[in-house]
Amino acid sequence: MRRIVLAVLGTVTGLVMLLSFKTHPASTASVPALVAPVTPTGSDPAGSPAPGTSATPGASTAPAAGSSAATAPASTHSAAPVSRTITGAAADTRYGPVQVQLTVGNGTVTAVNAVVYPQNTPRDYEINSYAIPLLNQEALSAKSAQIDMVSGATYTSEGYLQSLQSALDQAGL
Amino acid sequence: MTATVAAGRTVHVEHCMGTAFTVDVRDPGDWQAAIGEVVTWLHHVDAVFSTYRPGSDISRLQRGELRLADADPLVAVVLDRCARVQADTGGAFTALSRGRIDPTGLVKGWAIERASALLRGRGAVNHAVNGGGDLQLAGEAAPGRGWQIGISDPHERGRVLAVVGGSELAVATSGVAERGNHILDPFTGRPAAALASATVIGPSLTLADAYATAAFVLGRDALRWIEGVPGYQALVVAADGGTARSSGWPHG
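Residues numbered from 1 in each chain as written. Chains lettered and ligands numbered in written order. Predicted model: local features only at pLDDT ≥ 70, side-chain atom pairs only at ≥ 80, totals over all residues.

Helix and strand counts for chain B come out as six helices and 13 strands. Here chain B, with 252 residues, has 46% of them falling under the buried criterion. For chain B, the proportion of contacts with a sequence separation of at least 24, taken over those separated by at least 6, is 53%. (Helix = DSSP H or I, 4+ residues; strand = E, 2+ residues; numbered from the N terminus. Buried ≥ 20, exposed ≤ 12 C-beta atoms within 10 Å, placed from the backbone. Contact = placed C-beta atoms within 7 Å.)

Here's what the structure looks like:
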């Protein structure tokens, strides 16, 4: 299951990167503005700390790469099974870092959120507020793809770090 | 970095030839020594065949400082394979274009195929070797389950547009994804532009890698050509986004 989750994570990272590229066709540089709107609750059975606290837009927060934390369901759903969040490594794009978090419950991806993404200008915000929900949909529809390896046109050593193959390898490293 | 993940899986990622190689062994046991041999092999291939390293045999041959007879014997082996593939592809693949010696389009696949054979020789029956998106697969990913390979979408990196399953299988993809228009059409001298990517599957990665380069160059003629090559199938993605598969491409 972990492999599948990470595969989806890689897919999402790719999508986020693509989307964030599209938002800045003419930009050459940017100062990353980060937001980490996730406030995990509950505790991780494995003992990992929660990946950061909520922050206001513009504040720099860098959740730990690859960290995971259990998220207890809301108290009104106390009978629901415990779900888990997995935060992917931040991918540095030339427009700023992008980081994605998955929520997994009962072996199924139940939510995908970009916890860090470029939002330097009002235009970014406008596009991302549309793109992120779209992203959630696409990632959820891709979750059933069980793959072990990826074939694609030659990537550079740097590009590998953000690739879907890298996500698959991390499942085994 | 190598890790034995659980009983039955060892993964190593090695950066070499400007890209990343993943060695993924799905047999129980200690594979550190065998993987070490693979790593040494890959770096040796880079040292001999790199067109970026001034001291490589290929660079020295290019400058006339080295005779073929004095070069690493593997150079003659590879150039011979290149010549055969050039004939197979009607010249769409060539290691000798416009005065340059450049077997790059075949060397990586060949190196990976040999790495896979090396692992098999050390007893790793079930494994995959992936070098920058070109793979040689052996055995199974898990008992009773063949390898499932995602073909990445050249228009949306990180997305998978097709999945192909298999056991003894090579999968190679050529395209423009990260390094720009880097495949020159030997017939025109200009970058091939009709396709965004070409994926070739078949038993040998040496051939699949070179055939993927040829298919990319052939563009809209790629499928017609691969239909005449026994044992190999292709999936092409057009620059404008459409995809097409040869008639024997596996379904599902």
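With that settled, the discussion passes to unusual backbone geometry. Residues and elements named next belong to chain B. Within the chain, methionine 17 stands out as a residue other than glycine whose phi angle is a positive 60°. Counting through the fold element by element, methionine 17 comes out in the loop between β2 (9-16) and β3 (19-25). Unlike most non-glycine residues, arginine 98 shows phi in positive territory, near 50°. Here arginine 98 lies in the loop between β4 (96-97) and β5 (100-101). According to the C-beta neighbour criterion, arginine 98 is exposed, with 9 such atoms within 10 Å.

A word on helix α3 (residues 73-88) of chain B. Residue and element names in this part refer to chain B. End to end, α3 covers 23 Å across 16 residues, agreeing with the expected 22 Å (1.5 Å per residue, within 8%). For α3, every residue scored as buried is listed here: Val75, Val78, Cys82, Val85 and Gln86. Buried residues in α3, looked at end-on, bunch into an arc of 105°, giving them a common side. Away from its buried face, by an angle of more than 90 degrees, α3 presents the exposed residues Pro73, Ala76, Val77, Asp80 and Ala87. Those residues of α3 that are buried lie in contact with α1 (32-49), α2 (57-62), α4 (104-121) and α5 (205-218). Positioned one or two residues after α3, glycine 90 has a phi angle of 60°, which is positive. (Expected span 1.5 Å × (residues − 1). Arc of directions from axis to C-beta.)

Across the sheet, three strands lie side by side as β6(A)-β8(B)-β9(B); this open sheet has mixed pairing. Both edges of this open sheet fall to β6 (149-151) of chain A together with β9 (160-166) of chain B, since each of them pairs with a single strand only. Here the strands of the sheet are splayed against their neighbours by 30° on average, with no regard to which way each runs. Note: β6 of chain A against strand β8 (residues 147-152) of chain B, three bridges, orientation parallel. By the bridge assignment for β8 of chain B, serine 151 of chain A is matched with isoleucine 151 of chain B. (Pairing = 2+ DSSP bridges. Axes fitted to C-alpha atoms, helices over the stretch in contact; angles between N-to-C directions.)

Regular strands show a simple pattern: their side chains alternate between the two faces of the sheet. All names here are of chain B. Among the eight residues that make up β2, six are buried, leaving the element largely enclosed by the rest of the structure. Two strands pair when backbone bridges link them, and β2 and β3 are joined in this way by seven bridges, in the antiparallel orientation. Within β3, the position partnered with valine 11 by the bridge is aspartate 24. Between β2 and β3, which pair antiparallel in sequence order, lie two residues; one of them, methionine 17, sits at a positive phi of approximately 60°.

Before going further, it helps to examine the pairing of strand β11 (residues 195-202) of chain B. Residues and elements named next belong to chain B. Within β11, seven of the eight residues are buried, which leaves the element mostly enclosed by the surrounding structure. The pairing of strand β10 (residues 169-175) with β11 spans six bridges and is classified as antiparallel. From the neighbouring strand, alanine 172 faces β11, where its bridge partner is valine 200. Pairing analysis gives six bridges linking β11 to strand β12 (residues 233-238), with the strands arranged antiparallel. Its bridge partner being in β12, isoleucine 201 is matched across the sheet by glutamine 233.

A few words on α1 of chain B. All names here are of chain B. The end-to-end C-alpha distance of α1 is 26 Å, a good match for the 26 Å that 18 residues give at a rise of 1.5 Å each. Along α1, the positions that sit buried rather than exposed are Ala34, Ile35, Val38, Leu42, Val45 and Phe49. Burial along α1 is one-sided: seen end-on, the buried residues are contained in an arc of 100°. Counted as exposed and oriented over 90 degrees from the buried face of α1: Gln32, Ala33, Gly36 and Thr40.

What follows deals with the packing of α3 of chain B against α4 of chain B. Residues and elements named next belong to chain B. One way to put it is that α3 packs onto α4 with a least axis distance of 10 Å and a crossing angle of 115°. In the packing of α3 onto α4, the handedness of the crossing is right-handed. Of the residues in α4, those in contact with Val78, Arg81, Cys82 and Val85 of α3 are Leu106, Val107 and Trp110. Taken together, the residues of the contact of α3 with α4 sort by class into six nonpolar, no polar and one charged. (Left-handed = near helix turned anticlockwise from the far one by under 90°. Nonpolar A, V, L, I, M, F, W, Y, C, P; charged D, E, K, R; others polar.)

Let's shift gears to the packing of α4 of chain B against α5 of chain B. Each pair of packed helices can be summarised by the angle the axes make with each other and by the distance between the axes. All names here are of chain B. The N-to-C vectors of α4 and α5 enclose an angle of 155°; their axes lie 7 Å apart at closest approach. One finds that α4 runs roughly antiparallel with respect to α5. In this structure, the crossing between α4 and α5 has a hand that is right-handed. Side by side, α4 and α5 meet where Gly105, Leu106, Lys108, Gly109, Trp110, Ile112 and Glu113 of the first sit next to Leu205, Thr206, Ala208, Asp209, Ala210 and Thr213 of the second. Its residues assigned to classes, the contact of α4 with α5 comprises six nonpolar, four polar and three charged. (Parallel < 35°, antiparallel > 145°, perpendicular 65-115°, else oblique.)

Everything listed here is a matter of coordinates, which is why it stays silent on function.
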